Amino acid sequence: MKEAEKLTKANGPNILNVLSKRPLIISGPCSAETEEQLISTAVRLAQTGRVNVIRAGIWKPRTHPGGFEGVGVSGLSWLLKAKKLTALPTTVEVATAKHVEYSLQFEVDMLWVGARTTVNPFSMQEVAQALHGVQTPVFVKNPVNPDLELWAGAVERIACCGAKVMGLVLRGFSTFASGEYRNQPMWHLAIEMKRRFPELIMICDPSHICGQRESLQKVIQHSIDLGFDGIMIESHIDPKNAWSDANQQITPALLEQMLNQIIWRKESTPEQAFNIALEKFREQITQLDDYIISLLGQRMSIAEKIGQFKRDNQITILQANRWNEIIARAKKHGEMVGLSTEFISRYMDAVHIESIHHQNQIMNE
Ligand code: PEP
Ligand code: MN
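Residues numbered from 1 in each chain as written. Chains lettered and ligands numbered in written order. Predicted model: local features only at pLDDT ≥ 70, side-chain atom pairs only at ≥ 80, totals over all residues. Heavy atoms only, no water.

(A) The arrangement of unusual backbone geometry in detail. Look at the link from Arg22 to Pro23: it is a cis peptide, with omega at -10 degrees. Take Pro23: it is sitting in the loop between helix H2 (15–19) and strand S1 (24–28). Phi is positive for Asp245, close to 45 degrees, though the residue is something other than glycine. With respect to the element layout, Asp245 can be found in the loop between strand S8 (230–234) and helix H12 (252–261). Residue classification places Asp245 among the buried residues on the basis of a relative accessible area of 18%. (Helix = DSSP H or I, 4+ residues; strand = E, 2+ residues; numbered from the N terminus. Buried < 20%, exposed > 50% of the residue type's maximum accessible area, 1.4 Å probe, protein only.)

(B) Representation of the nonpolar core. Formed by 64 residues in total, the largest nonpolar core has its most connected members in Leu131, Ile158 and Met193. Examining the composition of this core, we find that six residues originate from one element, helix H8 (residues 148–160), more than from any other. Every residue in contact with Ile158, bar those within four places of it in the chain, is listed here: Val113, Met124, Ala128, Leu131, Val138, Val140, Ala163 and Val165. By size, the runner-up hydrophobic cluster in this structure holds 14 residues, among which are Val18, Leu19, Trp112 and Ile203. (Core = buried A, V, L, I, M, F, W, Y, C linked by side-chain atoms within 4.5 Å. Contact = heavy atoms within 4.5 Å.)

(C) Expanded view of the site of ligand 1. Ligand 1 sits among Arg55, Lys60, Glu93, Trp112, Gly114, Ala115, Arg116, Lys141, Arg171, His208 and Glu234. Between an oxygen atom of ligand 1 and a main-chain N or O atom of Ala115, the distance comes to 2.9 Å. With the chains in place, 97% of the 300 Å² that ligand 1 exposes on its own is no longer accessible. When the residues that make up the shell around ligand 1 are grouped by side-chain class, the tally is two nonpolar, two polar and seven charged. (Near = heavy atom within 4 Å. Polar contact = N/O pair within 3.5 Å; in protein donor to acceptor, adjacent residues only side chain to side chain. Areas by Shrake-Rupley, 256 points an atom, 1.4 Å probe, with all protein chains shown as cover. Nonpolar A, V, L, I, M, F, W, Y, C, P; charged D, E, K, R; others polar.)

Structure below.
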């Protein structure tokens, strides 16, 4: 490495330090379009003093051929220029071994794997191998479809190759249901990933969840309330004329305004009175959970007795009418105590499956 290069690297942003900041804010255009667009967006973002990493899409995965597929390698030199001007580290999406190679050549500080790559184990394997032994941190977005194992598998594949998976990005899941969001957030899947990989940074990409500007603020606030470490959000100096995702990008000025309105929360506090009160509530929850589980155990032993009865009288396990009655009653009761009918349905389904399982064992004795 030439002396001058060594110097730039030594003086450049330390990505690990930057990634330890909370909230971690990554922002920049969906796509790098022109040098002017990328540089002016990055400079304005840096002026907010709130953005930690500049993002830009260099290679864009398009649903239909003929769409804007990204500017390719030339965008990387603009991004390097933006990094030098702002002293902020940069990140791009990589989907092939070549993307990884070019990005490292142009000193991109952090890489992310997009939703359409996470979904494909062949692509993931290629990217993971290209990252073999590379120290550059990698973030893995959730796969397009709500398949937790694909997401976990992508993280494991990269880790197996000795690369540095540092974080996860929830960008929502595509479903048939048309609704408020372009991609359903399905927060519980991100929470389960955090449970499995507690050491990883978890950030939210409200832009791809929302698909429009109106609900961005609400989604960011919800992610922070849930304990996410930060966000990756698309911004553009002139969103209406963006070459991709024009409906969901916001100006750096609007981003600054939104960030000022968010109520930032931390996971814990040293304040004693708060911690004591919290501990008391938690004890109550633990006791209630224990009680509910014992009750469920009792419920199942009664189901077993019914099973014996049915067996001895040659009666089938399932009686549809009886089950419909139970569900209707549970929904009504649930509503009275503030439980959604959706939750009651899921809960009662689980109870029913377990109950049939117990009765089946009795039948086969
Ligand atoms: C992006 O971040 O520009 C992008 C293509 O996102 P995703 O992979 O979530 O669709
Ligand atoms: Mn986009």
